[in-house]
Amino acid sequence: MTALAEQRQWTVPGPPSLPIVGRKLNVARFGVDSIGFSSQLFQTYGPVAALTAGGGTNLYSPDSNCPGTVVAYGPDIVRDVATQHHVYHKCPLSGTLYRQRNQSDRSKALKTFGVGLFGVNEENHIQQRKLMAPAFHKQGINHYREDMVAITQSELDALQVDQSCEIGQFMQRLTLRIATQTLFGEDINTSDQTVGELLQEVISTQLSPLTRLLPVDIPGLPFSDYLTLVTKYEQKIQKIIAQKRSADSGEIDMLSMLIHARDQDNGQQLTEEELIGHAGVIFLAGHETTANTLTWTLFLLSQHPQVYADLVDELESVLQGEPPTVEQLSQLELLDRIIKESMRVVAAVPWNGRVTSQETELGGYTLPKGTEVFLSLYHTHQIPDLYREPKAFKPERWETLTPSIYEFSPFSAGPRLCIGAAFAQMELKVVLAMLLQRFRWEFLPGQVIDRKGLISLKPKSGINMKVHLQDYQFSDGSGGVQGNINEMVQLPY
Ligand code: HEM
């Protein structure tokens, strides 16, 4: 087929590609501020829009014949994508770098890195989730509460009262410790470089633009460092798996549970390669997302003093200064509404990325096979017909609101629903209950709070807060917020 004929198949409207910089500029604009750029596209072209008219962009799909990229939102579209599991595929987290996996001996670690549940589709995906499910069941995760409490306690003990704290970093460290302990049975306070810290290094190298622009294995180039780190990760996790297998010590971390998982019907177990892939994906999908949700929630509370005061009231009356037990978590109704509203307003995971496995229809347009689709949970959560005053942070709306899973899906929907949702909800509640009872967190006015990130949205330059022993002065520090967070939330001051 000629290039012209292929272009004719691409009917989704979008902005033209500019002379010289071409399509790359639109890709870069999406990469720099996916929320801002896609909001403009939706306003101009409607709920299904292309990054560039005529297609030809490729951000995520490892298939080099990717015909283009579409952004879309709305409950019908969420439903179509979520329920057509065979049509909308996912790809390994290494994205376009996955193409390099057969290049050399050094690149073969890419065959497993970031694959896990993200790199399997259709029946294979269903089968693997079935095997993994027990490690994520409510009963299964309840015993992680103790680790969450102990680690939160030790991080709170280390805080300097009346000093400023960058809460983005604080939450990253806290959730990194929790993820490393619950997934691998290691604590970053006691081990040398843990597998969790190594994974963070891999991802920061992967996200460097030069790694993707120049995926050549020449010493000194970031791609070469990336391969070294991915291989080191693979070797380290292989060693941990071997130790856990041989010790058979009855450890209850997630990796041990996955190693011993067995299909009741056919006796099938996860292979070594699958285990390596799952460990990385669970860690990466679970740690930064939770840290960013905690960060945004604390920020929103600091700007809504009455909600903040009511929440501390609820926490103190139910918990009386103690960390919540599993049973008490369900009594914290306001905390539950606040977390839902925070995830609706800011959405730490704003996008679901997919690639079409065949030609299909979406929102009235034909998408060619191989199209990248970025589905916006964030914009779906902002539809005024579903959420009155969508930009207002109003936890009380959840007293009566009962949206469908396609209207409100911070953890996605359908067979790809976040496998760690129950774990995340417990972690969010345990951590917030502990840090809000003990300290008052005061926003330091005048900071510019801009959003950053595609996979997970975080504050670009962090958020500084002063840590006070709980003194109930919730109005101190509200107001004076600058930056594009004001486009997402209508702050009261
Ligand atoms: C507040 C925290 C979290 C949020 C907002 C969140 C959100 C999401 C979303 C939206 C997806 C679907 C992504 C897509 O299909 O494109 C997802 C998938 C996933 N999440 Fe989470 N997540 C969180 C925490 C966790 C935790 C704590 C874990 C593990 C302990 C986890 C593990 C996973 C995995 C493995 C998948 C892939 C599921 C599959 O493809 O079948 N997540 N998450």
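Structure: above.
Residues numbered from 1 in each chain as written. Predicted model: local features only at pLDDT ≥ 70, side-chain atom pairs only at ≥ 80, totals over all residues.

**Here's the deal with the site of the ligand**
Taken together, the neighbourhood of the ligand is formed by 24 residues, with A285, G286, S412, C418 and G420 sitting nearest. Every element with two or more residues in the shell around the ligand is listed here: α13 (272–302), β5 (351–356) and α18 (421–438). With seven residues, the single largest contributor to the shell around the ligand is α13. In the shell around the ligand, the residues fall into 13 nonpolar, eight polar and three charged. (Near = placed C-beta within 6 Å. Helix = DSSP H or I, 4+ residues; strand = E, 2+ residues; numbered from the N terminus. Nonpolar A, V, L, I, M, F, W, Y, C, P; charged D, E, K, R; others polar.)

**A look at the sheet that holds strand β4 (residues 164–166)**
One open sheet holds the three strands; their spatial order is β4-β12-β9, and the pairing between them is antiparallel. Strands at the two margins of the open sheet, each flanked by one partner only, are β4 and β9 (439–443). Strand-to-strand twist in this sheet, taken as the mean axis angle between neighbours without regard to direction, amounts to 40°. Sheet analysis places β4 next to strand β12 (residues 464–469), joined by three bridges and oriented antiparallel. For S164, the partnering residue across the bridge sits in β12 and is K466. Its contacts with the sheet put α13 on β9 and β12, and the angle it makes with β9 is roughly 80°. (Pairing = 2+ DSSP bridges. Axes fitted to C-alpha atoms, helices over the stretch in contact; angles between N-to-C directions. Contact = placed C-beta atoms within 7 Å.)

**Side note on the nonpolar core**
Soluble globular proteins tend to pack their nonpolar side chains together in the buried interior. Ranked by internal contacts, the top residues of the largest apolar core, which has 126 residues, are V70, A72, V230, L375 and V431. In terms of residue count, the dominant contributor to this core is α13 (15 residues). Setting aside anything within four residues of it in sequence, one finds V431 in contact with M148, T152, L174 and L294. (Core = buried A, V, L, I, M, F, W, Y, C linked by C-beta atoms within 7 Å. Buried ≥ 20, exposed ≤ 12 C-beta atoms within 10 Å, placed from the backbone.)

**Considerations on helix α3 (residues 34–45)**
Along an α-helix, residues three or four positions apart point the same way, because every turn accommodates 3.6 residues. Given a rise of 1.5 Å per residue, twelve residues ought to cover 16 Å, and the 16 Å separating the end C-alpha atoms of α3 matches this to within 8%. If you check which residues of α3 are buried, you get S34, I35, S38 and L41. Buried residues of α3, seen end-on, are gathered within an arc of 125° and therefore sit on one face of the element. Along α3, exposed side chains directed more than 90 degrees from the buried face belong to Q43 and T44. Of the residues flanking the end of α3, it is G46, one or two places downstream, whose phi is positive at about 95°. (Expected span 1.5 Å × (residues − 1). Arc of directions from axis to C-beta.)

**A look at unusual backbone geometry**
Phi is mostly negative for residues that are not glycine, and the peptide bonds are mostly trans. Even without being a glycine, E389 presents a positive backbone phi close to 45°. Using a count of 10 C-beta atoms within 10 Å as the deciding quantity, one classes E389 as exposed. The phi dihedral of S412 falls on the positive side, at around 70°, and the residue is not glycine. Inspection of the secondary structure puts S412 in the loop between α17 (377–380) and α18. Residue S412 is classed as partly exposed on the basis of its C-beta count, with 19 C-beta atoms lying within 10 Å.

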